[in-house]
Amino acid sequence: MSAVQQKFLEHFSFQCGYCTPSFVNATVVLLEKLKRQPVAKDRIESTIMDALNDHICRCTGYVRYYEAVKDLILSTPGLVKDQA
Ligand code: FES
């Protein structure tokens, strides 16, 4: 299981799981972007919204998906800019 999948499970992010593959893929793409260009701490939520906003969850699990992605970003070294 990937780190993204594990985090979605920990946060109970999905119900039926129909939408989960698209959220997993979008999150993997976001993490790859952040490895190259880390995000400022105060921009994490808006960055997640920009990355996941186009994905639809009919079970309306957005909050838990977004919380899981934020947790993953904060717990992965190098994705958030150091405060200067
Ligand atoms: S968990 Fe059912 S559509 Fe998202």
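Structural data are supplied above this passage.
About the thresholds
- Throughout this document, residue positions are counted from 1 along each chain, in the order its sequence is written.
- Residue-level local features of this predicted model are given only where pLDDT is at least 70; pairs of side-chain atoms are given and counted only at 80 or more, and the full residue set underlies all totals for whole chains, interfaces and linings.
- By convention in this description, side-chain values take in all heavy atoms of the structure and omit both hydrogens and water.
- Each helix is a run of DSSP H or I of at least 4 residues and each strand a run of E of at least 2, with the numbering of both proceeding from the N terminus.
- Lines are fitted to the C-alpha atoms to define the axes, a helix being fitted only along its stretch in contact, and any angle between axes, read from their N-to-C directions, falls within 0 to 180 degrees.
- Comment on the angle field: the value is read as roughly parallel under 35 degrees, roughly antiparallel over 145, roughly perpendicular from 65 to 115, and oblique elsewhere.
- By the definition used in this description, the sense in which the near helix is turned from the far one sets the handedness, with an anticlockwise turn below a right angle giving left-handed and a clockwise turn giving right-handed.
- The contact criterion used is simple: two residues touch if any of their non-hydrogen atoms lie within 4.5 Å.
- Under the scheme applied here, ten amino acids are nonpolar (Ala, Val, Leu, Ile, Met, Phe, Trp, Tyr, Cys and Pro), four are charged (Asp, Glu, Lys and Arg), and all others, including Gly, are polar.
- Classification of residues uses two cut-offs on accessible area relative to the type maximum, computed with a 1.4 Å probe and protein chains only: under 20% is buried, over 50% is exposed, and between them is partly exposed.
- N or O atoms within 3.5 Å of each other form a polar contact, as long as, within protein, one can give a hydrogen and the other can take it, and as long as residues adjacent in sequence are counted only when both atoms are side-chain atoms.

**Q** Would you mind showing me how to read unusual backbone geometry here?
**A** Note: most residues except glycine have negative phi, and most peptide bonds are trans. Unlike most non-glycine residues, F12 shows phi in positive territory, near 50 degrees. By secondary structure assignment, the location of F12 is in the loop between helix 1 (3-10) and helix 2 (20-36). With a phi angle near 55 degrees, T60 is a residue other than glycine that sits in the positive phi range. Looking at the element boundaries, T60 is found in the loop between helix 3 (44-52) and helix 4 (62-75).

**Q** How should the packing of helix 3 against helix 4 be read in this particular structure?
**A** Geometry of a packed helix pair, given as the angle between the helix axes and the separation of the axes. Across the interface, helix 3 lies against helix 4 with an axial gap of 10 Å and an inter-helix angle of 125 degrees. Classified by the angle between their axes, helix 3 and helix 4 sit oblique to one another. As helix 3 runs across helix 4, the sense of the crossing is right-handed. Contact residues: helix 3 offers I44, E45, I48, M49 and L52, while helix 4 offers Y66, V69, K70, I73 and L74. Taken together, the residues of the contact of helix 3 with helix 4 sort by class into 8 nonpolar, no polar and 2 charged.

**Q** What exactly am I supposed to notice about the environment of A51 here?
**A** For A51, the location among the structural elements is in helix 3. Considered as a pair, A51 and T27 are 24 residues apart in the sequence and their alpha carbons are 7.4 Å apart. With near-sequence residues (within four places) excluded, A51 lies in contact with A26 and L30.

**Q** Would you mind going over the side chain of T47 with me for this structure?
**A** When you line up the elements, T47 lands in helix 3. With relative accessibility at 16%, the residue T47 sits in the buried group. In terms of polar contacts, T47 uses its side chain to reach the backbone carbonyl oxygen of R43, at 2.7 Å. Contact partners of T47, with chain neighbours within four places excluded, come to L30, L34 and V39.

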